[in-house]
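Observations on the three-dimensional arrangement
Take a look at the letters that make up each chain.
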Amino acid sequence: MSEDITDDNRAVARTLARTFGGAPVIRRHRDETGRSHVDLLTCRDAPAAGVTSYATVTLANHPIILDGAEFPARAELVGACASETERFAHVLAACAFHVIDSGWFLAPGIVFPGVVAASGLSRTLAHVMFVLPALWPTPIDTMEFGPRSVAFLMAVPISAGEYAFAQDKGGDALEELLAAHRSDPFDIHRPSVV
């Protein structure tokens, strides 16, 4: 990891690598201007063969902004996708840059519109909704670093119809609907459930 990586970042990376399993690789991603960066941890064949787990490990170096003020917690993003979808890391990085560069707020149930569509990765999914992580056998709990908490949010690609459903019924209702349909969380081309 780079010299601007903090001890807290290293602790997050170690915890996520243990949680995901497999051999971790960390790679720096830069925004389109080259001014901002975020480091992403990748573990292949985790949580299952043919699936890759991803996580930002330096997003928490940046504040989350709510109504023009710094939110008291920080966040890191996690996600998983079929390993054949190698550019899924770019989706997480794009979400991170919306927080870093544009001040977008992060919380469970929040949707970042158009992020998947802009990546060109999916024929069926266009947006990302954030939920509490639930794909890994070991829970990914909030970490405390002195006065600062770092929470973890899972990026779930969703369709335009699912986004409309979430806006109408709420993110929890969409999570329940995805579970009821046994939607494959690793398939970036899965059909919409609405």
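In what follows, the structure referred to is the one given above.
Below is a summary of the structure that appears in this document. For clarity, every value in this text was computed on a predicted model and none was experimentally measured. Note on numbering: residues in each chain are counted from 1, in written sequence order. Where totals are concerned, whole chains, interfaces and linings use all residues; where local detail is concerned, this predicted model gives features only for residues with pLDDT of at least 70, and gives and counts side-chain atom pairs only at 80 or more. Side-chain numbers come from the whole structure's heavy atoms, not from hydrogens or water.

**Observations concerning the nonpolar core**
- Working definition of a nonpolar core: buried Ala, Val, Leu, Ile, Met, Phe, Trp, Tyr and Cys residues. They are joined through side-chain atoms within 4.5 Å. Categorising residues by exposure relies on relative accessible area from a 1.4 Å probe, with only protein chains included: less than 20% of the type maximum marks a residue as buried, more than 50% marks it as exposed, and the intermediate range marks it as partly exposed. In terms of nonpolar packing, the biggest core is built from 34 residues, with Leu16, Phe20, Val78 and Phe152 touching the most fellow members.
- Here a strand is any run of E in DSSP of at least two residues, a helix any run of H or I of at least four, and the numbering for each starts at the N terminus. Looking at this core, the element that brings in the most residues is helix α1 (residues 7–20), giving 6 residues.
- When residues no more than four places from it in sequence are discounted, the contact partners of Val78 are Leu16, Phe20, Tyr54, Ala55, Leu92, Pro133, Trp136, Ile140, Phe152, Leu153, Met154 and Ala155.
- Within the second largest apolar cluster, 31 residues are counted, among which are Leu59, Ala96, Leu125 and Phe130. Between two residues, a contact is recorded if the distance between any of their heavy atoms is within 4.5 Å.

**Here's the deal with the packing of helix α4 (residues 160–169) against helix α5 (residues 171–180)**
- Lines fitted to the C-alpha atoms define the axes, with helices restricted to the stretch that makes contact. Angles between their N-to-C directions range from 0 to 180 degrees. The N-to-C vectors of α4 and α5 enclose an angle of 130 degrees; their axes lie 7 Å apart at closest approach. Compared by their axis directions, α4 and α5 come out oblique. Between α4, through Glu162, Phe165, Ala166 and Lys169, and α5, the contact on the second element is made entirely by Gly171, Ala173, Leu174, Leu177 and Leu178.
- Residues were grouped as follows: Ala, Val, Leu, Ile, Met, Phe, Trp, Tyr, Cys and Pro as nonpolar; Asp, Glu, Lys and Arg as charged; and all remaining residues, including Gly, as polar. Here the contact of α4 with α5 is built from residues that sort into 6 nonpolar, 1 polar and 2 charged. The scheme is simple: roughly parallel for angles under 35 degrees, roughly antiparallel for over 145, roughly perpendicular for 65 to 115, oblique for anything else.

**Topic: the pattern of salt bridges**
- Salt bridges are defined by distance alone: a side-chain nitrogen of Lys or Arg within 4 Å of a carboxyl oxygen of Asp or Glu. This model, assessed by the stated rule, comprises 6 salt bridges.
- Between Arg10 and Asp7 there is a salt bridge, with the nearest N and O atoms lying 3.5 Å from each other. Here Arg10 and its partner Asp7 are both found in helix α1, 3 residues apart, which amounts to about one turn of the helix.
- A salt bridge links Glu162 to Arg190, with the shortest nitrogen-to-oxygen separation between them at 2.7 Å. Here Arg190 lies in the segment after α5 and Glu162 lies in helix α4, a separation of 28 residues in the sequence.
- By relative accessible area, which is 4% here, Arg190 ends up buried.
- Sharing partners across several salt bridges, the network here consists of Asp4, Arg28 and Asp39.

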